[in-house]
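Breakdown of the fold
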Amino acid sequence: MRPFGYERAESAVAAARRAADTGATFIGGGTNLVDLMKLGVMTPERLVDVSRLPNRDIADADDGGLAIGAAATNTALANDPRVRERFRVLSLALLSGATPQIRNKATVGGNLLQRTRCPYFYEVGLPCNKRAPGSGCGARFGRSRDAAVLGTSEHCIAAHPSDMAVAMVALDARLGVRGGDGDLRWLDVDALHRLPGDRPDREHDLAPGDLIETVRLPPPPPGRHVYTKVRDRASYAFALVSVAVVLAVEDGVVTSARVALGGVAPKPWRARAVEAALTGARATWRAFCAAAEAELAPARGHGDNDFKIPLARRAIAGTLAEAAGIAPEVPTGGRRATP
Amino acid sequence: MSDTPQTTPREGGRAAIGDAVPRVDGPKKVTGRAPYTADHRLDEAPLIGWIVPSRAGRARVDAVDTARALDVPGVVAVLTHRNAPKQAPRGTPSDAGRFSQSHALLAAPEVACYGEPVALVLAETLEAAREAAGLVEVALTPLPGRYAVTGDEPDEALEVPDDVDGGMPADMSHGDFDLAWEKAEVRVDATYETLAEHASAMEPHATLATWDGEELVVRVAIQIVGSAVEALANTLRLDKEKVRVISPFIGGGFGSKLGIHDDAVLASLGAIATDRPVRVVQTRRDLFSSAPHRGCSTQRVRLGASRDGRLLAVAHESVMPMARGYEFAEPCAASARASYACDGILTRHRVVRADLPRIDSMRGPGEAVGSLAFESAVDELARALERDPVAFRLANVAETEPISGKPFASFDLRRCLEVGAERYGWSRRAERGRRDGRWLLGHGVASATRPNFLMEAKARVRLEDDGRAVAELDMTDIGTGSYTILSQIVADTLELPLDRVEVRLGDSRYPQTAGSGGSFGAASAGGALLSACRRLRGQLRAGGGREAEGHIEPGEDFEKYAQYMTGAHFVEVGVDEVTSEVRVRRAVGAFSFGRVLNPTTARSQLYGGMVFGIGGALTEGLHLDERVGAYMNRDLAGYHLPTERDVPALEVVMIGERDDRCGLLGSKGVGELGLCGLGAAIANAVYDACGARVRRFPLTPDAVMAARAAW
C-alpha cells in the first residue's frame, strides 16, 4: 500500500476544482476504494474526501421526481419513504446489496463508480487489462464465473457489480456532474459507463475533477416494481444475475416496461430489446420468455459463466411474471410424490 | 436423556460434569480481556513482519531486489532466501508426522505453490512494512506444475496414499463387493464432485515471536501446542527445550491451525535475524493461499440392494489432490465403512500430487465431503427402490462395524434416526405442502457417523494455599469451550465452587496433551485432568502432597471395539422455481456422542457444525485458476460462508449416554459431528423439492439449474 495525501473538501465546487488541479481521486464511503488501495490495485497519490459534503439530502423535485444528493448513503436512500413508495425498485435493489454496515458507509456517487469484482482485477500478480492495460485478460480463459455475457470485448469481460445502478438505469436517472470549472452538466445514468472495447481501463467519460454531485429521478414510470437478485447466498453476495422491472399491464396488455439487468454486463444494462418486444404485447409467460430471448441473443459465455445466459432468461421472465401477477410456467420435472 | 441438563446453579457455586455451565471465559471474551495472539503486548514494541507472496505457481526465484524496500523509512530488514537464518529442509524429519516436520520458508530460490512467501519485510510500523512489501521486486521463472485435479487422471497419475487421516489404510474392503454387486437387483452408480474449501477461521493466523539469543518464545494461534514446539525446533534446528509456544486464546481453527503455519516460521526467522520481537499477522487474502485447506474431490459411489430393500453392496472411491511435499489424504469413504450392514464393501482413496497450497485436515475430514456423496447415493438408492429414505436407512443400520466386523462400543444411529424423525415430524411432512409461493419445498434426511478418537494426554492440578485449585495442561481452547468443561471437571472432582478453579491452557511448559483436533480434545485432555484430580483427591485424603499429575491413553477398548459418534439430519429446503436458488428452511439433528460434558457448549458445537455443513453444501468453494494454481476468490466477499440469512432456526437433540469404553470420562467427540451428513440431507431435500439430483457441490443456482429439467 502506497502513502497518499488526504484532504476534505468544503463544497462540491471546491472538491471538483481541487481534484481537477491535482489529479486527486474522490473518496466517498471508501467501501471499495480502500480495499483496492490496500491491495495495490488502485494507487492514488491524493484523495479528496467528498463523503461529508452537504449534498446528502433527498428532496422532492419540481417535476414530481426526486433529487438525491450523491453523498447520501445507500441506507438513507433505500429507507427514504418516497423511494420506498414511489421508486420501490430502487429501494429493493439497494437493500439487496452488500450488508447493512457497508450500506451505512457507501454513498450514492461511490456506488455508481464502484469497480468490478472480477478476481483478476484484484490479483495484482495476474494479467488484467482494466488494472494494467496491455497485460491481457486473465478471466477470458480463466475463472469467469462472475464475468459478463453481454457487451464484453476480447480485452475485458468484467461485470459491473452494482445493484443500485441497475435500478437507476431502469428509472432513467440523470446525473448532475460538477466539473473542475465549477459548471454543472447533466448526463443520463445509462451514458455514464462505457463498454470496455479496447480500453477497459476507461470505465466512464468523466474527466479528472468531474464530481457526481446529484442524481435526479424523473417521476416514476407506471406499473409494479420488482427487483430480482440471483446470488450464491442469501445476503452479502454480488448478483449472478439481477433484474429490475417496472411493468404496467392494462387489460392483459403491457403498456409500459422498464427493464434493466445487473451481473451480466460491464455496465448496468438497460434491456431495451425486452422493452421493445413487450410494449403493446400481451402479458403472457410465453411473451416474457421470448422477450428475454431477444435481449440475450447476442450474449456469449466464457465457460464458467455460460450458465448466466439461461439463468438470465429465467430471471427476466420470472421477474416480469411477478410484476404482471401471472404464474411462471416452469416444469418441475421429476418431482415425485412423497413415498 | 441428557438434553434436560442441570441449568440452575448448584448450591455454593458448585458445578458438576454434565451441567450446562456458561462459558467461564465468556465475560473475558466479550469485554476484550481475552488476549488473542495479535493482541498481546510486550514491553518492547515488536517489529511488524509483512509477507511478500509469490505471484506464480511452481517457480524458480531468479532475483529478489530489496533495495527500494529497504529505503522506506522504518524498514529494518527484508528477509529472503539469501539472508534468512538457516533451516532444516522442509519436511524433515520425514518420520515425525506432518505436524512436527520442518516447515522451512525462504530457504531456497524456489516456490512450491502460488502465494508462497518469497520475502518478509520487517519494519517499525505496519504502514512501513506494507509499503515496502509493495516495493520488493521478485523475478520468477514459472516451472511446469500440475494444478488441476479432475478425477479423470490416467492411472499412472493416481497414487495410493500411505494411509488416510485418522491412520486407516487407503484401501479397505470386507466381504466380496463384486459378488454382492452382481447379486444386487437395484443399483446406483453415481459420481459426485466437490470444490476445494477453506476453513476461514475468524481470527487470522498470527504469531508474535521473541528471541533472546538462546530461547525462542512463540505466541501463536495454534490448535496443538506440543507438535508446534517440535516443528519449530525441527525447522530452526533448535533444542526443543529452547522453544516455548504460548496460545491461550484462539479464534477458531477448523483444522487450519493444527500445524504451524507461515507466520510462525517467518516471525521466528525475523526475531532470530534481528534480535527484536516480531509480529506477523497474515492477511485474509494471504491466508486463502497459505493456510491449509480441503482439496477438491471426485467420488464414485456404487450401491446395490435387493428388491426388498436390503443393502448388499457398497463401494466408495475418491480422487483428491495431495499437495506435493505434504502427506495428507482425506478419508472420504469413512462413512461408507461405518454406517450400514451389507455383504460386500470396497473403499479406495487415491491422490494426485499437485503443486497447490497445503492440503490438510479441515473440520470433519472425510465425512464432510465423503458423506455428501455417500448419503446422497443412499438416498438415490432408496428412491430407486421406492422406499422411504428413513425407513430404508433404519432397515440397514449396521450392527457391527461393516468394514471390520468388530463390535461397536456403542452405535446409536438407529435411535438418532428415530428420535430425529419424530422431532422433525418426518411422517407428517406432507402436511407442510409442496410449495410456498415461488418456493418448491422438499425434505431430506441423512445419517451421520464420525470415528471417536482418544489421544494420549497429561495434566497437572495443584491446590494452592488459598484453597484454589489450579490446573495446567497444554490443551487449547479454539472457541469450543475447553476452559469451561475442564473447569467443571476440576470443580466436580475436587468439590470446589467454579470460581475457586483456575484452568491454565496453551503453554508448552504445561503437561502435554494432543491439543484440539479430530474431536478428541475434550475426552483426551479432560480424561487426563480427571485422572489428575482423582489422584489429588486421594492424596489429600491420605494427607499427601497438594499437586498431582494425571495421564490418559487409549486402552484396549479402542482395539476391541469400533468407536463412533452418530447422528441423523432432517432438513426442509425451498428451491426457487425460477432461479434455482436453494434456502434451508428448517434443520433438525439428533446426535449421540457418549456422555455430554456440558450441554451448552456441546449444543454450540453442534450448531456450529450444522452451519459449517450448510456452507459446504450450498455456498463454499474455491475457484482455481488452473494455469497458475491460484485460488481466485480469496476474500470473504468471494468465498461464500453462510450468512445469518442462510441459516434457519436449528434444532439439536442430544441423546447419548455415558460409554465407559470411550475413556475415563465416558464421552466422545462432538466438534465435527454436527456437519457430517448435513449437506447430503440438503441435497436430498433439493431432489425432493424439484426432482433434480445435483451431484456437484456446492449447490449454487447454476449447479441446481443444470440438473433440473430444461426450459
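The rules behind these values
Each chain carries its own residue numbering, running from 1 in the written order of its sequence. The naming scheme follows written order: chains are lettered A onward, ligands numbered 1 onward. Only residues with pLDDT of at least 70 get local features here, since the model is predicted, and only at 80 or more are side-chain atom pairs given and counted; chain-wide, interface and lining totals rely on the full set of residues. Helix numbers and strand numbers start at the N terminus; a helix is a DSSP run of H or I with at least 4 residues, a strand a run of E with at least 2. The atom set for the radius of gyration is the C-alpha atoms, and the globule formula is 2.2 Å times the number of residues raised to the power 0.38. With C-beta atoms placed from the backbone, a residue is buried if 20 or more other C-beta atoms are within 10 Å of its own, exposed if 12 or fewer are, and partly exposed between those counts. Domain extents, as shown, originate in an automatic or database domain assignment. What counts as a contact is two residues whose backbone-derived C-beta atoms lie within 7 Å of each other. Residue polarity follows a fixed list, in which Ala, Val, Leu, Ile, Met, Phe, Trp, Tyr, Cys and Pro are nonpolar, Asp, Glu, Lys and Arg are charged, and the others, Gly among them, are polar. The pairing criterion for strands is at least two bridges between them, as found by DSSP. Here an axis means a line fitted to C-alpha atoms, over the contact stretch when the element is a helix, while the angle between two N-to-C directions is reported on a 0 to 180 degree scale. Angle categories: roughly parallel below 35 degrees, roughly antiparallel above 145, roughly perpendicular from 65 to 115, and oblique for all the rest. By the definition used in this description, the sense in which the near helix is turned from the far one sets the handedness, with an anticlockwise turn below a right angle giving left-handed and a clockwise turn giving right-handed. To estimate how far a helix should reach, multiply one less than its number of residues by 1.5 Å. Known as pLDDT, the predictor's confidence for each residue is given on a scale from 0 to 100.

1. Some points on the overall build of chain B
Within chain B, the regular secondary structure consists of 17 helices and 29 strands. In terms of overall size, chain B behaves like a compact globule, its C-alpha atoms giving a radius of gyration of 26 Å where 711 residues would be expected to give roughly 27 Å. By its C-alpha atoms, chain B is 75 × 70 × 50 Å across when sized along the principal axes. Counting the 711 residues in chain B, one finds 62% classified as buried.

2. Details of the domain arrangement of chain A
Domain assignment breaks chain A into domain 1 (5-51) and domain 2 (224-324). For domain 1 of chain A and domain 2 of chain A, the distance between their C-alpha centres works out to 35 Å.

3. Details of the environment of Gly425 of chain B
All names here are of chain B. Along the polypeptide, Gly425 turns up in the loop between helix 11 (413-424) and strand 18 (435-436). By the C-beta count within 10 Å, which is 15 here, Gly425 ends up partly exposed. C-alpha of Gly425 to C-alpha of Phe570: the two residues are 145 residues apart in sequence and 9.3 Å apart in space.

4. Observations concerning the interface of chain A and chain B
On the side of chain B, 40 residues touch chain A, which itself brings 35 residues to the contact. Considering every element that reaches the side of chain A that touches chain B, the biggest residue donor is helix 12 (residues 308-324) of chain A, with five residues. Along the lines of polarity and charge, the residues of the side of chain A that touches chain B split into 17 nonpolar, nine polar and nine charged.

5. Notes on the sheet that holds strand 12 (residues 269-270) of chain A
Residue and element names in this part refer to chain A. An order of 9-10-11-12 is seen for the four strands of this open sheet, with the pairing classed as antiparallel. Of all the strands in the sheet, just strand 9 (224-230) and strand 12 have a single pairing partner and so form its edges. Strands in contact with helix 5 (residues 88-95) are strand 9 and strand 10 (241-250); relative to strand 9, the strand with the most contacts, it is inclined by about 20°. Packing of helix 12 onto the sheet brings it into contact with strand 9, strand 10 and strand 11 (253-262), and relative to strand 10 it is tilted by some 35°.

6. Description of the pairing of strand 24 (residues 564-576) of chain B
Residue and element names in this part refer to chain B. With respect to burial, strand 24 is a largely interior element, 13 of its 13 residues being buried. Sheet topology places strand 19 (residues 439-451) next to strand 24; 13 bridges connect them, and they run antiparallel. Bridging across to strand 24, Leu440 finds its partner in Val575. For strand 24 and strand 25 (residues 582-592), the ladder comprises 10 bridges, and the chain directions are antiparallel.

7. Some words on the packing of helix 12 (residues 482-494) of chain B against helix 13 (residues 521-541) of chain B
Angle between the axes and distance between the axes: these two values describe a pair of packed helices. Residue and element names in this part refer to chain B. Relative to each other, helix 12 and helix 13 sit at 25°, their axes nearing to 9 Å. As the angle between them shows, helix 12 and helix 13 are arranged roughly parallel. Crossing handedness for the pair helix 12 and helix 13: right-handed. Listed contacts from helix 13 to Ser482, Ile485, Leu486, Ile489, Val490, Thr493 and Leu494 of helix 12 are Gly521, Ala522, Ala525, Gly526, Leu529, Leu530, Cys533, Arg534, Leu536 and Arg537. Partitioned by chemical class, the residues of the contact of helix 12 with helix 13 number 11 nonpolar, four polar and two charged.

8. So, the pairing of strand 13 (residues 278-281) of chain B
All names here are of chain B. Burial along strand 13 is two-sided: the face carrying Val278 and Val280 and the face carrying Arg279 and Val281 are both buried. Direction of pairing for strand 1 (residues 47-53) relative to strand 13: parallel, over a ladder of three bridges. Its bridge partner lying in strand 13, Ile48 is registered against Arg279. Judged from the four bridges that link them, strand 10 (residues 206-211) and strand 13 form a sheet pairing that is antiparallel. The residue bridging Leu208 from the neighbouring strand is Arg279, located in strand 13.

9. Re the sheet that holds strand 17 (residues 344-354) of chain B
Residues and elements named next belong to chain B. Spatially, 7-17-16-15-8-29 is the arrangement adopted by the six strands of the open sheet, whose pairing is mixed. The sheet terminates laterally at strand 7 (172-175) and strand 29 (696-697), the two strands that pair on one side only. One ladder, built from two bridges, connects strand 8 (residues 186-194) with strand 29; its direction is parallel. Paired with Thr194 across the strands is Phe697, a residue of strand 29. Contacting strand 8, strand 15 (297-305), strand 16 (311-323) and strand 29, helix 9 (residues 367-384) crosses the sheet at an angle of about 150° to strand 8.

10. Focus: the domain arrangement of chain B
The accessible area lost on association of the parts is a frequent measure of interface size. Residues and elements named next belong to chain B. According to the domain assignment, chain B consists of domain 1 (11-34 + 455-553) and domain 2 (366-453 + 559-711). Spacing between the C-alpha centres of domain 1 and domain 2 amounts to 33 Å. Counting from both sides, the interface comprises 23 residues of domain 1 and, opposite them, 21 residues of domain 2. Secondary structure elements with two or more residues in the side of domain 1 that touches domain 2: helix 12 and helix 13. Among the elements that make up the side of domain 1 that touches domain 2, the one with the highest residue count is helix 13 (six residues). Considered class by class, the residues forming the side of domain 1 that touches domain 2 number 11 nonpolar, 10 polar and two charged.

11. Things to note about unusual backbone geometry
Residues and elements named next belong to chain B. For the bond from Thr92 to Pro93, the omega torsion is -10°, close enough to zero to count as cis. By secondary structure assignment, the location of Pro93 is in the loop between strand 3 (75-79) and strand 4 (110-111). In this model, Phe697 is joined to Pro698 through a cis peptide bond whose omega is 0°. Mapped onto the fold, Pro698 is located in the loop between strand 29 and helix 17 (701-707). Its identity is not glycine, yet Glu495 carries a phi of approximately 55°, on the positive side. Relative to the helices and strands, Glu495 is located in the loop between helix 12 and strand 22 (501-504). Taking the C-beta count within 10 Å as the criterion, Glu495 has 11 such neighbours and is therefore assigned exposed.

12. Quick look at helix 9 of chain B
Residues and elements named next belong to chain B. Between its first and last C-alpha atoms helix 9 spans 24 Å; for 18 residues at 1.5 Å apiece the expected length is 26 Å, and the two agree. Burial runs high along helix 9: 16 of the 18 residues are buried. Just downstream of helix 9 lies Glu386, where phi reads positive at about 55°.

13. Digging into the confidence of the model for chain B
Of the residues in chain B, 99% reach a pLDDT of 70 or more, and the chain-wide mean stands at 97. Confidence estimates for the predicted assembly give a pTM of 0.97 and an ipTM of 0.97.

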